[in-house]
Structures are given as structure tokens and as C-alpha cells.
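These are the residues of each chain, in order.
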Amino acid sequence: MNETILYHRNREYIPRIAAVHDMCGYGKCSLTAAIPILSAAGCDVCPVPTALFSAHTKFPVFTMTDTTDMLEGYLDAWQKEGVDLDGVYSGFLGAPEQVAVIQRLYREYPNALRLVDPVMGDNGEMYPTYTAELCEAMGALADGADILMPNLTEASILTGTAYAGADLDDAQVNDLLQALLDLGARNVVLKGIDRNDGRIRNFVANAQAGVDAKEEIVNEKLPFMCHGTGDAFASALIGVVMAGLDLAAACRIASVFVCNAMLSTRHQPDYENRGVSFELCLGELTNLVD
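Note on numbering: residues in each chain are counted from 1, in written sequence order. Given that the model is predicted, a residue must reach a pLDDT of at least 70 before its local features are reported, and side-chain atom pairs must reach 80 or more before they are shown or counted; all residues, however, enter totals for whole chains, interfaces and linings. Heavy atoms throughout the structure, all of them, feed into the side-chain values; hydrogens and water do not.

Focus on unusual backbone geometry
Leaving glycine aside, a negative phi is the common case for residues, and trans is the common case for peptide bonds. A positive phi angle, close to 45°, is found at Ser-30, a residue other than glycine. With respect to the helices and strands, Ser-30 occurs in helix H1 (residues 30–40). Note on classification: 1.4 Å probe, protein chains only; a residue is buried when its accessible area is under 20% of the maximum for its type, exposed when over 50%, partly exposed between these limits. For Ser-30, a relative accessible area of 1% gives the class buried. Positive phi outside glycine occurs at Asn-196, with the angle close to 60°. Position of Asn-196 among the secondary structure elements: in the loop between strand S9 (187–194) and strand S10 (199–206). Judged by relative accessible area, which is 63%, Asn-196 ranks as exposed. A run of H or I in DSSP becomes a helix once it reaches four residues, and a run of E becomes a strand once it reaches two; helices and strands are each numbered from the N terminus.

Structure, rendered in C-alpha cells:
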């Protein structure tokens, strides 16, 4: 696979990213991950909150406030102020109508990178606030995405294929990557292949080079889980891309960042619920733009 560099960084310029994601009060994920991680990578993060949660949805009790009704006026104000953007990073959505809000950003900022983490579910199940209608609407964001970053559950939803679990062989990976590229994505990062050999694999594919030129990124699988690793990975990957590195390098660096953050999390109380503790690892990203 040829180097895929999506952003050429001027070291004196701070790129601005709209982060279209939910805000979660407890359990670090979504905007509470995206803002500090992208900031550490030298980006100016402008949040567009798609929902407000008291805590993430793995907790048995949480509140959710849908922000759809405020978003058009929110973006109108940006237009009046002349806000400019270098990237639009979308993640968790609160309602199907919010896809149109992201598409508005695409129209108004045609030169901004389209960075899509199609947050819908994991381990073969949709998140509890998601519906089939919302998942179908989310699929529209794949077409034209500069980077599409699904996990295996999200990839199966987007492509309309049965979830086959995490243990995919190379032929299955190729088929899934090709199906995602066929949706119109320019680059795909497919996350979370687990072949039960103590390692986790992510795959990077480019529409121009094709799936046969895909790159495989392999990391140790840690013997425990943390909530929010997907958001941390996507935010770190985007931060590295905006630092001017190629996409495969961004995937490698983001994978190591998340692994180190998980190791840090293991020392914290209630680590399985609190969200991944990335704070002590942020210097790994800042060093890329020093």
C-alpha cells in the first residue's frame, strides 16, 4: 500500500476540527476523549454535541438529552462568525436527523477532511439508544468519507452483512474491506479482528490501491477490557493524520496509544466502567507536533 497522507501539516498552523459527537458526563468517551486527545495532537477542537449523557450507556442508569433541535442554529452562528474547518469528525449521533447536520458541514466546508467513526454498536449488538432507522441514516456518511473507521459490528451494519464475530480470516477481511470501499469510502480502517492468538489486528485499505494492498497493524491483546477505547483510538488516529503522517502510521501510533492508555487505566478504581485513562499518555501525541 502506498503512503496515504491526507493532510500536509504546517507546523506553525493549528488545524481546526469539528467534533460531532455526544458529551458524556462520566465514563470517558466521545467528546470527553476527542477534545483532550485531539488537542494534545495540536488540533483546535470545536465540539458539536449530538447528545448529552449523564454517563455512558454501559451503566444501568443514565440520562440522555437529544440536541437535534439546537444544531441548525448552532451552525448558523458558526457561519455568521466565519468559522473555518480543516476536518469534520463525526461519531455518536442522537437521532437520524443529525446525519443531515453533518452533511451540511460537508457542503459548507468542502475542503475539510471527512472523518467518520460510525459509532453504532460493538460485539454484534447495537448500542441501546440506536435504532434501525438511525443505523440506516448513518450509512449515508460512508460515501465520500476520507477515513471510515468501523469496528466489525459497525462494518456488518453498514454493509448489510451478518455479523461473523471477530475471528475473520484474510479472505473475509478482504470481502468486508471491499464492501466498505464500495460504499464510497476513500480509505477504511477496519478495527478489532481477533484470531485468538493473543493479538488484535486492524486493517487499513485505500480505494485507489485496492484491498490487495491493505496494511495489517498488529498489537498485543491485553487480558482485560476498558470502555471508550474506540473513541480514544479514532481521536488519536485523526490527531496523527492531522500531524501530517500517513494513515497506516496513524493506525500504528493510535493502537499503541490506546494500549498504553489501557495499561494506565488498570491502576484506576472502577477501571472497567470509568472509561480509558489516556491522560498520562497524551505526550505521545504532543511529541508528534513539537
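Describing the pattern of salt bridges
For this analysis, a salt bridge means a side-chain nitrogen from Lys or Arg found within 4 Å of a carboxyl oxygen belonging to Asp or Glu. Tallied over the entire structure, the rule returns 13 salt bridges. Across the salt bridge formed by Glu-279 and Lys-28, the nearest N and O atoms sit 3.0 Å from each other. Of this pair, Glu-279 sits in the loop between helix H9 (271–274) and helix H10 (283–286) while Lys-28 sits in the loop between strand S1 (16–26) and H1, placing them 251 residues apart in sequence. You can call Glu-279 partly exposed: its relative accessible area is 40%. A salt bridge links Arg-104 to Glu-108; its shortest N-O distance comes to 2.8 Å. In this pair, Arg-104 and Glu-108 are both assigned in helix H3 (residues 98–108), four residues apart and thus about one turn of the helix distant. On the accessibility criterion, Arg-104 (8% relative accessible area) is buried. Taken together, the salt bridges that share partners define one network made up of Glu-72, Asp-76, Arg-104 and Glu-108.

Some points on the pairing of S9
Of all eight residues in S9, seven are buried; the element is thus mostly enclosed. Pairing of S9 with S10 involves six bridges; the strand directions are antiparallel. When the bridges of S10 are listed, Val-189 appears paired with Val-204. Connecting S9 to the next strand, S10, in antiparallel fashion are four residues, including Asn-196 with a positive phi near 60°. Each pair of strands is called paired provided DSSP finds at least two bridges between the two strands.

Things to note about the side chain of Asp-231
With respect to the helices, strands and loops of the structure, Asp-231 is situated in helix H7 (residues 229–242). Buried Asp-231, no salt bridge; nearest opposite-charge side chain is Lys-191, N-O distance 6.8 Å. Pairs of residues are marked as contacts when any of their non-hydrogen atoms sit within 4.5 Å. Residue contacts for Asp-231: discarding those within four places in its chain leaves His-21, Cys-29, Ser-30, Ala-33, Tyr-89, Asp-117 and Val-119. By the counting rule applied here, Lys and Arg register as positive and Asp and Glu as negative, while His and the ends of each chain are not counted.

Structural notes on the environment of Gly-275
Its location among the elements puts Gly-275 in the loop between H9 and H10. For Gly-275, a relative accessible area of 0% translates into the label buried. Along the chain, Gly-275 and Gly-144 lie 131 residues apart, while their C-alpha atoms are 31 Å from each other. Contacts of Gly-275, omitting those with residues within four sequence positions, involve Gly-27, Lys-28, His-227 and Thr-265.

Quick notes on the UniProt feature "domain: Pyridoxamine kinase/Phosphomethylpyrimidine kinase" (unreviewed entry) in the protein chain
UniProt tags residues 38–263 as "domain: Pyridoxamine kinase/Phosphomethylpyrimidine kinase" (unreviewed entry). For residues 38–263, helix accounts for 38% and strand for 23%, while the C-alpha atoms at its two ends are 20 Å apart. UniProt positions are given in the numbering used here, feature names are shortened, and annotations may be inferred rather than shown by experiment.

Points about H1
Within H1, the full set of buried residues consists of Ser-30, Leu-31, Ala-33, Ala-34, Ile-37, Leu-38 and Ala-40. In this fold, the buried residues of H1 make contact with S1, strand S2 (44–55), strand S4 (87–90), H7, helix H8 (247–265) and H10. Taken from the residues just after H1, Gly-42 is the one with a positive phi, measuring 85°.

Regarding the state of the cysteines
Two cysteine sulfurs form what is called a disulfide whenever their separation falls within 2.5 Å. Overall, the coordinates contain zero disulfides when judged by the stated rule. As a non-bridged cysteine, Cys-46 has Cys-43 as the owner of its nearest cysteine sulfur, 11 Å distant. You can call Cys-46 buried: its relative accessible area is 13%. The closest cysteine sulfur to the non-disulfide-bonded Cys-259 is located on Cys-281, 9.3 Å from its own sulfur.

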